[in-house]
Number of protein chains: 2
Amino acid sequence: MNLRELAQNLGLSQTTVSRALNGYPEVNEATRARVVQAAEQHNYRPNTRAKGLATGRAMAIGHVIPMSKQHEMVNPVFGDFIAGAGETYSRNGYDMVLSLVEDGQEEKTYRDLRGKGAVDGLIVHGPKSGDARIAMLDDLGVPFVVHGRASAVTTPYAWLDVNNRKAFQRATDFLLDLGHRRIALINGLEELDFASRRRAGYEEALTARGLPVTPDYLHSDEMTERYGYDTVRHLLDSDAAPTAFLVSSMITAIGVRRAIEERGLRMGRDISVITHDDALSYFKNGEEAPIFTATCSSVREAGRQAAQMLLERIANPHLPPPNRLLEAQLVVGGSTGPAPTSRTD
Amino acid sequence: MNLRELAQNLGLSQTTVSRALNGYPEVNEATRARVVQAAEQHNYRPNTRAKGLATGRAMAIGHVIPMSKQHEMVNPVFGDFIAGAGETYSRNGYDMVLSLVEDGQEEKTYRDLRGKGAVDGLIVHGPKSGDARIAMLDDLGVPFVVHGRASAVTTPYAWLDVNNRKAFQRATDFLLDLGHRRIALINGLEELDFASRRRAGYEEALTARGLPVTPDYLHSDEMTERYGYDTVRHLLDSDAAPTAFLVSSMITAIGVRRAIEERGLRMGRDISVITHDDALSYFKNGEEAPIFTATCSSVREAGRQAAQMLLERIANPHLPPPNRLLEAQLVVGGSTGPAPTSRTD
DNA sequence: AAGTCCATCCAAAGCGCTTTGGAAATGATT
DNA sequence: AATCATTTCCAAAGCGCTTTGGATGGACTT
């Protein structure tokens, strides 16, 4: 059933039917009711492609998900982020088109998506510090919102981010207050902006107390379970084994815990762990008694808000690009405790 | 830059330019080369909507991801499944459109997606035993492939599934061989077809040896970490505590491990655990020495293949619907061992 | 020299919708 | 009764592409 048939059926012109369905005022309410009812009855849905052609809007938002070539890995936070964004889209009649792309190929995909006219706007995932995509998208004139930031980019652009620096600074401070002095950072890939900000927060907290940053304690890799396990296992073997770990992802923290418990040690008593927690739905940290002390920030909520920002930006392209900084909560759980011996080394 | 402008630029008709770019034979190779070069130089990309309107094909596949209302949870396997499917799509010039929908609302979304003409085909996720969507999609005449099966549906339809029954039967047998007699099943929601098949395999193995199925050992819920933890914690408190657990998801198995270790017990020595492992990229079970004994089947590969099946089905709608049954590997890891006391109770 | 056949190109219709620029009918105003 | 403003509707153009049904001209036959 298409518009022409529906109009014929009703003995009306396409114009009137179209207007009736799209809520234009120049149509009699009685007529409109008739049209709406007929449309429903015939299960009529306007063809997106035709509508898009006519209006010049795709009613779709593009998400380009980077996929690590190395581990064939898709960051698990995307699932939740997209779930949040999807809520906003479906409330507003937008579709979501997804492309999974190998690391570094993202630019071409953005170009394609826009060139083809497949999307009205884009969400940029996993920004690097001086991410080239931002300039490119500005250049293309596509509305976009970055999930995260690109510290080295100075031109204004729309972003939504968690205050990663502050979160990790506070977490480090918390560990320092507990007497820990040998704190290792099990970070994500530091080419990613969020990871470098977390590191900055960590280092800031240390230097604020006049403590040195020990290179041996700094680790950076893709946030798999295995990475957490291997790294901590190795670190616990070293001469000056850390008494505390600051971890960038829940998944990695699981590996960290595995390495600790394998040693017969207990989290919160022998070794302290703080992890960042994106509040993934299938991996709740626990409400009443969280397993991990964690810096919490719901990535799903971030998805909701980023999508909202993007839709507003599409509606008002001339407004200055909006920014939003979400603060992470430092939630105390069972994985932290006073340093075993509170000497300052 | 659109086709008309490009054609004007070249002093050719739109027809010729279109044909040149789409590889039709009735155009001089020299002309084609000129056209291709100009298109590249001007960064020309045909407008998908216009192309779609003209051809009647959307060049897009729809995925409708069910989202549990209860836990706001998106099953983490979707990320990997979609990553696999995405590979196939991008190789074939298809886009992927994603809708996240609350449990039970899926039907309407399928209808919409098809009615709007937004997609050429659909992947059906999370089928229930007598899933109504299959009849509906058949009715709508949309090509589709089900990831999983709907046991109660008797009409032929296209599906790709893991042999869940056999996998869990073998896993149960394996535990029985090790002398375990009190084996609990920590299953997913049994309204989902895969879960009921797993249960069937489990029960089959027990009854084949003349062993009873103990209702207290049967558990079914959304596969969160917490669910595994809570359930096992509770079971270990009971009079006839199980000596082995058969778990439906890696994430849940993490919770199971947590509960076990919290008791001061050790997996593989005091308690045996087998889990199904979807080979999620960020949560590898470990190559050389797997943590868990597991029934392994890559959901990413499933995505790749399901997408391939769908594209072929779109190309040849009259062929009988294809089916594919993947076998899971039973990989022995460190989480299983002989039953503590090998008496048969 | 006339007819035939390719190879190469083009004009125009059509995909299903929105939207512009009226037209017809109705009711209010003089 | 004539005029005017409103309301309500419509015909047709246009969005950017594909595709049908020729047109054109050169090479080849006969």
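Residues numbered from 1 in each chain as written. Chains lettered and ligands numbered in written order. Predicted model: local features only at pLDDT ≥ 70, side-chain atom pairs only at ≥ 80, totals over all residues. Heavy atoms only, no water.

Visitor: How do you make sense of the environment of B:Glu106 when you look at a structure like this?
Guide: Residue and element names in this part refer to chain B. Tracing the backbone shows Glu106 in helix H6 (residues 106-115). Placed 27 residues apart in sequence, Glu106 and Arg133 show a C-alpha to C-alpha distance of 8.1 Å. Residues contacting Glu106, with those up to four places away along its chain left out, are Val64, Pro66, Val101, His125 and Arg133. (Helix = DSSP H or I, 4+ residues; strand = E, 2+ residues; numbered from the N terminus. Contact = heavy atoms within 4.5 Å.)

Visitor: It is not clear to me how the protein's contact with DNA strand C should be interpreted in this structure. Could you clarify?
Guide: In the region of DNA strand C, 28 residues are neighbours, and A:Leu3, A:Ser18, A:Arg19, A:Tyr24 and B:Thr15 sit closest. Taking all atoms of DNA strand C within 4 Å of the protein, the share assigned to sugar and phosphate is 58%. Taking A:Asn22, its side chain carries an N or O atom lying 3.0 Å from a phosphate oxygen of DNA strand C. At the level of secondary structure, the elements contributing two or more residues to the surface near DNA strand C comprise helix H2 (14-21) and helix H4 (48-55) of chain A together with helix H2 (14-21) and helix H4 (48-55) of chain B. It is H4(A) that provides the largest number of residues to the surface near DNA strand C, a total of five residues. Residue composition of the surface near DNA strand C, grouped by class: 11 nonpolar, 13 polar and four charged. (Near = heavy atom within 4 Å. Polar contact = N/O pair within 3.5 Å; in protein donor to acceptor, adjacent residues only side chain to side chain. Nonpolar A, V, L, I, M, F, W, Y, C, P; charged D, E, K, R; others polar.)

Visitor: Please explain the side chain of A:Thr252 as it appears in this structure.
Guide: All names here are of chain A. Counting through the fold element by element, Thr252 comes out in helix H11 (residues 250-262). Separated by 3.4 Å, the side chain of Thr252 and the backbone oxygen of Met223 make a polar contact. If we skip the residues at most four places from it in the chain, Thr252 touches Ile186, Met223, Thr224, Glu225, Tyr227, Gly228 and Val247.

Visitor: How should I be thinking about the packing of aromatic side chains in this particular structure?
Guide: Each aromatic ring pair is summarised here by two numbers: the centre-to-centre distance and the angle between the ring planes. Residues and elements named next belong to chain A. In total, this model carries zero aromatic pairs over all chains according to the counting rule given. Lying over the aromatic face of Trp159, Arg149 brings its terminal NZ or CZ to 4.6 Å of the ring centre. For Arg258, the ring lying beneath its charged end belongs to Tyr229, and the centroid distance is 3.8 Å. (Phe/Tyr/Trp six-rings, centres within 6.5 Å; stacked < 30°, edge-to-face > 60°. Lys NZ or Arg CZ within 6 Å of the ring centre and 35° of its normal.)

Visitor: Looking at this structure, I do not really get the relation of the copies chain B and chain A. What am I missing?
Guide: Here the two chain copies are tied together by a rotation about an axis and a shift along that axis. Note on the identical chains: chain B maps onto chain A by a rotation of 180 degrees and an axial translation of 0.0 Å, with an RMSD of 0.1 Å. With respect to symmetry, the two chain copies, as superposed, fit the operation of a two-fold axis. (Least-squares fit on C-alpha atoms with pLDDT ≥ 70 in both.)

Visitor: Looking at this structure, how should I read the pattern of salt bridges?
Guide: All names here are of chain B. Applying the stated criterion to the full structure yields 52 salt bridges over all chains. With a closest N to O distance of 3.8 Å, Asp80 and Arg300 form a salt bridge. Of this pair, Asp80 sits in helix H5 (residues 77-91) while Arg300 sits in helix H12 (residues 299-315), placing them 220 residues apart in sequence. Residue Asp80 shares its accessibility class with Arg300, and that shared class is buried. When the shortest N-O distance is used, the salt bridge between Asp177 and Arg209 registers 2.6 Å. Pair noted here: Asp177 is in helix H8 (residues 164-177) and Arg209 is in the loop between helix H9 (193-208) and strand S7 (218-220), with a separation of 32 residues, a long-range link. Using a relative accessible area of 56% as the deciding quantity, one classes Asp177 as exposed. (Salt bridge = Lys/Arg side-chain N within 4 Å of Asp/Glu carboxyl O. Buried < 20%, exposed > 50% of the residue type's maximum accessible area, 1.4 Å probe, protein only.)

Visitor: Please clarify how the sheet that holds strand S6 (residues 183-187) of chain A should be interpreted in this entry.
Guide: Adjacent strands of a sheet form backbone hydrogen bonds with each other and so pair up, either parallel or antiparallel. Residue and element names in this part refer to chain A. Pairing is mixed across the open sheet formed by six strands, whose spatial order is S7-S6-S8-S9-S10-S12. Lying at the two open borders of the sheet, with one neighbouring strand each, are strand S7 (218-220) and strand S12 (329-331). Adjacent strand axes in the sheet meet at a mean angle of 15 degrees when their direction is disregarded. The strands touched by helix H9 (residues 193-208) within the sheet are S6, S7, strand S8 (244-247) and strand S9 (272-277), with S6 carrying the most contacts at an inclination of about 170 degrees. (Pairing = 2+ DSSP bridges. Axes fitted to C-alpha atoms, helices over the stretch in contact; angles between N-to-C directions.)

Visitor: How do you make sense of the protein's contact with DNA strand D when you look at a structure like this?
Guide: Contacts to DNA strand D come from 28 residues, most closely from A:Thr15, B:Leu3, B:Ser18, B:Arg19 and B:Tyr24. At the protein interface, 58% of the atoms of DNA strand D within 4 Å belong to sugar or phosphate. Contacts to DNA strand D include A:Asn28, whose backbone N or O atom sits 3.1 Å from a phosphate oxygen. Between DNA strand D and B:Thr15, the relevant distance is 3.2 Å, taken from a base oxygen to a side-chain nitrogen or oxygen of the residue. Put simply, the parts of the chain that give the surface near DNA strand D at least two residues each are H2 and H4 of chain A together with H2 and H4 of chain B.

Visitor: Mind showing me how you'd approach the sheet that holds strand S11 (residues 323-326) of chain A here?
Guide: Spatially, 12 strands are ordered S11(A)-S5(A)-S4(A)-S3(A)-S1(A)-S2(A)-S2(B)-S1(B)-S3(B)-S4(B)-S5(B)-S11(B) in an open sheet, and the strand pairing comes out mixed. For this open sheet the edge positions go to S11 of chain A together with strand S11 (323-326) of chain B, each flanked by a neighbour on one side alone. Sheet twist, expressed as the average angle between the axes of neighbouring strands with direction ignored, equals 20 degrees. In this sheet, strand S2 (residues 95-102) of chain A lies alongside strand S1 (residues 60-67) of chain A in parallel orientation, the contact comprising eight bridges. The partner of A:Val64 across the bridge, within S2(A), is A:Ser99. Along the sheet, H5(B) makes contact with S1 and S2 of chain A together with strand S1 (60-67), strand S2 (95-102), strand S3 (121-124) and strand S4 (144-147) of chain B, crossing S1(B) at roughly 180 degrees.

Visitor: What should I look at first to understand unusual backbone geometry in this one?
Guide: Peptide bonds are trans in most cases, and residues, glycine excluded, mostly fall at negative phi. All names here are of chain A. Look at Asn43: it is not a glycine, yet its phi comes out positive at around 60 degrees. You can see Asn43 is positioned in the loop between helix H3 (29-41) and H4. Look at Asn43 and you get partly exposed, because its relative accessible area is 42%. One non-glycine residue, Ala279, lies in positive phi territory at about 60 degrees.

Visitor: I keep staring at the pairing of strand S5 (residues 159-162) of chain A and nothing clicks. Help me out?
Guide: Residues in a regular strand point their side chains to alternate faces of the sheet. Residue and element names in this part refer to chain A. Neither face of S5 is left uncovered, since the one carrying Trp159 and Asp161 and the one carrying Leu160 and Val162 both have all their residues buried. Sheet topology places strand S4 (residues 144-147) next to S5; two bridges connect them, and they run parallel. Bridging across to S5, Val146 finds its partner in Trp159.

These figures come from the coordinates and say nothing about function on their own.
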